[in-house]
Amino acid sequence: MFFDAIIMYMQTVKIYQLNHLSHKQFQRLKAAQMEAARVWNLCCQTHKEARMARSAWPGRDTLQKATKGQFALHSQSVQMVVQAFLANIETTRKLRQSHPQMKMKYPWREKRFFPVKWPAQAVSREQGRVVLPMGRGRASIILPLELPTQSGACSLVWNHGFELHVCVEMPQAEEAPGNVHATVDLGEIHLAAVTTNTGSAMIVTGRGIRSLKRLRHRQLGKIAKKQTRCQKYSHRWKKLQRAKNKQCRRAERRIRDLRHKATRKVIDFCVEQKVGNLFIGNPHGVRKKNSGRHHNQRMSMWEYGKDIDYLTHKSQQAHIESSTGSERGTSSRCPKCGHKHKPKNRNWVCKACRFSGHRDLVGSVNMHELSYGKPVEFPRSFTYLRPGKSRSRGSRADTPQRCLSKAEDQPRIADTVSAETGHHSDVA
Ligand SMILES: [Zn+2]
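Rules used throughout
Residues numbered from 1 in each chain as written. Predicted model: local features only at pLDDT ≥ 70, side-chain atom pairs only at ≥ 80, totals over all residues. Heavy atoms only, no water. Helix = DSSP H or I, 4+ residues; strand = E, 2+ residues; numbered from the N terminus. Expected span 1.5 Å × (residues − 1). Salt bridge = Lys/Arg side-chain N within 4 Å of Asp/Glu carboxyl O. Buried < 20%, exposed > 50% of the residue type's maximum accessible area, 1.4 Å probe, protein only. Pairing = 2+ DSSP bridges. Axes fitted to C-alpha atoms, helices over the stretch in contact; angles between N-to-C directions. Contact = heavy atoms within 4.5 Å. Phe/Tyr/Trp six-rings, centres within 6.5 Å; stacked < 30°, edge-to-face > 60°. Donors = N, O, S within 2.8 Å, 3.2 Å for Na, K, Ca; no water. Tetrahedral: all angles 85-135°; square planar, octahedral: opposite > 155°, others 65-115°. 1 Å grid on protein atoms, 1.4 Å probe; cavity = no way out; pocket = protein on both sides within 12 Å on 5 of 7 lines; lining within 4 Å. Points joined across faces, edges and corners; volume = space filled by probe spheres on them. Nonpolar A, V, L, I, M, F, W, Y, C, P; charged D, E, K, R; others polar. Lys, Arg positive; Asp, Glu negative; His and termini not counted. Polar contact = N/O pair within 3.5 Å; in protein donor to acceptor, adjacent residues only side chain to side chain. Parallel < 35°, antiparallel > 145°, perpendicular 65-115°, else oblique. Left-handed = near helix turned anticlockwise from the far one by under 90°.

Novice: Any details on helix α1 (residues 23-52)? Residues and values, ideally.
Specialist: The terminal C-alpha atoms of α1 lie 43 Å apart, and with 30 residues this matches the ideal 44 Å at 1.5 Å per residue to within 8%. Positive backbone phi, approximately 55°, marks Arg-54, located one or two places after α1.

Following this line, the structure appears as structure tokens:
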């Protein structure tokens, strides 16, 4: 067929942190975001007036005319704010129709900052630099970044510091790696447990991420405590606020990096195992339940939505069909006889039939029946991986471990894990 020759592309966003900006540059970026906010506020105001007067709502043409030539931004950047505004109005309108009890408000808040966007055709790349135009008669913003050749639209975003988000076209795999079925069980301690219907299994630990988050909480707490002792917006307060932003960014960057690496490992495993269909269990029910203060805080720190997003995106790129669904009850049922009980340790031991196996794999194995309608055998062994390299022991971090999923081998796993994070007590 002639379709085969077409290479499929899909869009991903690459994030560049804009560190080490000069004071002047920083102020320019800030001013640009404030200008974009003024565009938004004007749209808001125009829309509100029309609503109050019960006249026709301003459409794209009206708003574009109203905002034309008044702002110190590239004309297309202004248009993109208008577009974002109209999209917001449309979503709100639909939500108000479908969920009238929620009483959704149309945008009303006066914004101080708004992300500035440039469409692909406005951005130009020179060697080692990106040129972002700011409109006729004004100097462009020039950033020393080496963007990939297939890059397109850019947006300037504030996230505890300036970031440039760049759309990049990525080639998609032409065909699925195979037709094996696989399921992923997402967890907090183990980030993902994957099993296939061919008897392979893998666990990626999420411990690195969790300890980074704990570290961040602790550090931020310390700074916040110091901040309570000084006057708000004072010199000292601002200095501490900057320190807080810096900590946040660093931790977030490291967490994001680990998350990408972990989900990459899952997809690499799927490609290697010739997986064509991937089911991602959604632990929504687990998180909604109220189970006490400590457990709740732990749950709110666990951002499984991002794991699902990353997995979906990466599997799409590898041409693996993915689906998500509830994983309700899968981790508390015996894969052999179906007896239900809550697991207590890392090792799942059935009270009825004496079956035993690694707890994290139980959920994933049970999901096969839920999603594909066919039960699978409990895998005899599995690979145990850590996402990325840990700080102190680089040489051991990336080597996959082959473990038997029998009870005798459990301490070995726990040992390696506790060697990394240094604490052992919260295994269960
Ligand atoms: Zn059993």
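Novice: Talk me through the pattern of salt bridges; I want residue IDs and the actual numbers.
Specialist: It is possible for side chains bearing opposite charge to pair when their charged atoms get close. Under the definition given, this model contains eight salt bridges. With a shortest N-O distance of 2.8 Å, Glu-90 and Arg-93 are connected by a salt bridge. Separated by three residues within a single helix, Glu-90 and Arg-93 lie in helix α3 (residues 75-98), roughly one turn from each other. The class for Glu-90 is partly exposed, based on a relative accessible area of 31%. Taking relative accessible area as the criterion, Arg-93 reaches 30% and is therefore assigned partly exposed. The partner of Asp-307 in a salt bridge is Arg-259, with the nearest N and O atoms 2.5 Å apart. Residue Asp-307 is found in helix α8 (residues 304-317), and its partner Arg-259 is found in helix α5 (residues 235-272); the two are separated by 48 residues along the sequence. Note on accessibility: Asp-307 and Arg-259 belong to one class, buried. Several salt bridges converge on common partners, so that one network encompasses Glu-90, Arg-93 and Lys-94.

Novice: Tell me about the pairing of strand β4 (residues 129-132), and name the residues and values.
Specialist: For strand β3 (residues 124-126) and β4, the ladder comprises three bridges, and the chain directions are antiparallel. The residue of β4 that forms the bridge with Ser-124 is Val-131. Adjacent in sequence and paired antiparallel, β3 and β4 are bridged by two residues, among which Gly-128 carries a positive phi angle near 75°. With three bridges joining them, β4 and strand β5 (residues 141-143) adopt antiparallel strand pairing. Bridging across to β5, Val-131 finds its partner in Ile-142.

Novice: Outline the sheet that holds strand β6 (residues 151-158), listing residues and values.
Specialist: Strand order in this open sheet of four strands is β1-β7-β6-β2, and the pairing throughout is antiparallel. Each edge of the open sheet carries a strand with a single partner, namely β1 (9-17) and β2 (116-118). Averaged over neighbouring strand pairs, the angle between their axes works out to 20° when direction is ignored. Examined bridge by bridge, β1 and strand β7 (residues 162-171) share nine bridges and lie antiparallel to one another. When the bridges of β7 are listed, Met-10 appears paired with Met-170. The strands touched by α5 within the sheet are β1, β6 and β7, with β1 carrying the most contacts at an inclination of about 145°.

Novice: Account for the packing of aromatic side chains, naming residues and giving values.
Specialist: Evaluated as defined, the whole model comprises nine aromatic pairs. Taking 5.2 Å as the distance between ring centres and 65° as the angle between the ring planes, the aromatic pair formed by Phe-26 and Phe-162 counts as edge-to-face. Of the two residues, Phe-26 is situated in helix α1 and Phe-162 in strand β7; the sequence distance between them amounts to 136 residues. On the basis of relative accessible area, Phe-162 is assigned to the buried category, the value being 2%. Ring geometry for Tyr-233 and Trp-237: centres 5.0 Å apart, planes at 65°, overall edge-to-face. Since its relative accessible area comes to 54%, Tyr-233 is described here as exposed. Feature note: the residues Phe-26, Trp-158 and Phe-162 constitute an aromatic cluster, connected by ring pairs.

Novice: Report on the coordination of the zinc ion, specifying residues and quantitative values.
Specialist: Taken together, the protein ligands of the zinc ion are Cys-334 (SG), Cys-337 (SG), Cys-350 (SG) and Cys-353 (SG), with distances of 2.2 to 2.3 Å. Taken together, the four donor atoms surrounding the zinc ion define angles of 106 to 112° at the centre, an arrangement classified as tetrahedral. Between consecutive donors of the zinc ion, the numbers of intervening residues give the motif C-x2-C-x12-C-x2-C. With Cys-337 in the loop between β12 (321-326) and β13 (347-349) and Cys-350 in the loop between β13 and β14 (356-358), this pair connects stretches of sequence that are 13 residues apart.

Novice: Let's hear about empty space enclosed by the protein: which residues, and what values?
Specialist: By rolling a water-sized probe across the atoms, one finds the places where empty space is left. Counting across every chain of the model gives three cavities of 30 Å³ or more. By volume, the largest cavity is sized at about 110 Å³. Surrounding the largest cavity, twelve residues form its lining, Glu-188, Gly-206, Ile-209, Lys-213 and Trp-302 being those nearest its centre. A total of three residues in the lining of the largest cavity trace back to one element, the largest contributor, which is helix α4 (residues 207-228). Of the residues in the lining of the largest cavity, the class split is four nonpolar, two polar and six charged.

Novice: Tell me about the side chain of Asp-185, residues and numbers included.
Specialist: Relative to the assigned elements, Asp-185 resides in strand β8 (residues 180-186). No salt bridge is formed by the buried Asp-185. Its closest oppositely charged neighbour is Arg-359, at 7.9 Å. Looking at Asp-185, its side chain comes within polar contact range of the side chain of His-190, at 3.4 Å. Those residues in contact with Asp-185 that sit more than four places away from it in its chain are His-190, Leu-191, Ala-192, Ala-193, Glu-327, Asp-360, Gly-363, Ser-364 and Met-367.

Novice: Account for the packing of helix α2 (residues 60-67) against α3, with residues named and values stated.
Specialist: Taken N-terminus to C-terminus, the directions of α2 and α3 make an angle of 140°; their axes are 10 Å apart at the nearest point. Classified by the interaxial angle, the pair formed by α2 and α3 is oblique. Seen from above, α2 lies across α3 with right-handed handedness. On the side of α2, the interface is formed by Arg-60, Leu-63, Gln-64 and Thr-67, while α3 contributes Val-78, Gln-79, Val-82, Gln-83, Phe-85 and Leu-86. A breakdown of the residues in the contact of α2 with α3 according to their chemical character gives five nonpolar, four polar and one charged.

Purely geometric numbers; function is a separate question.
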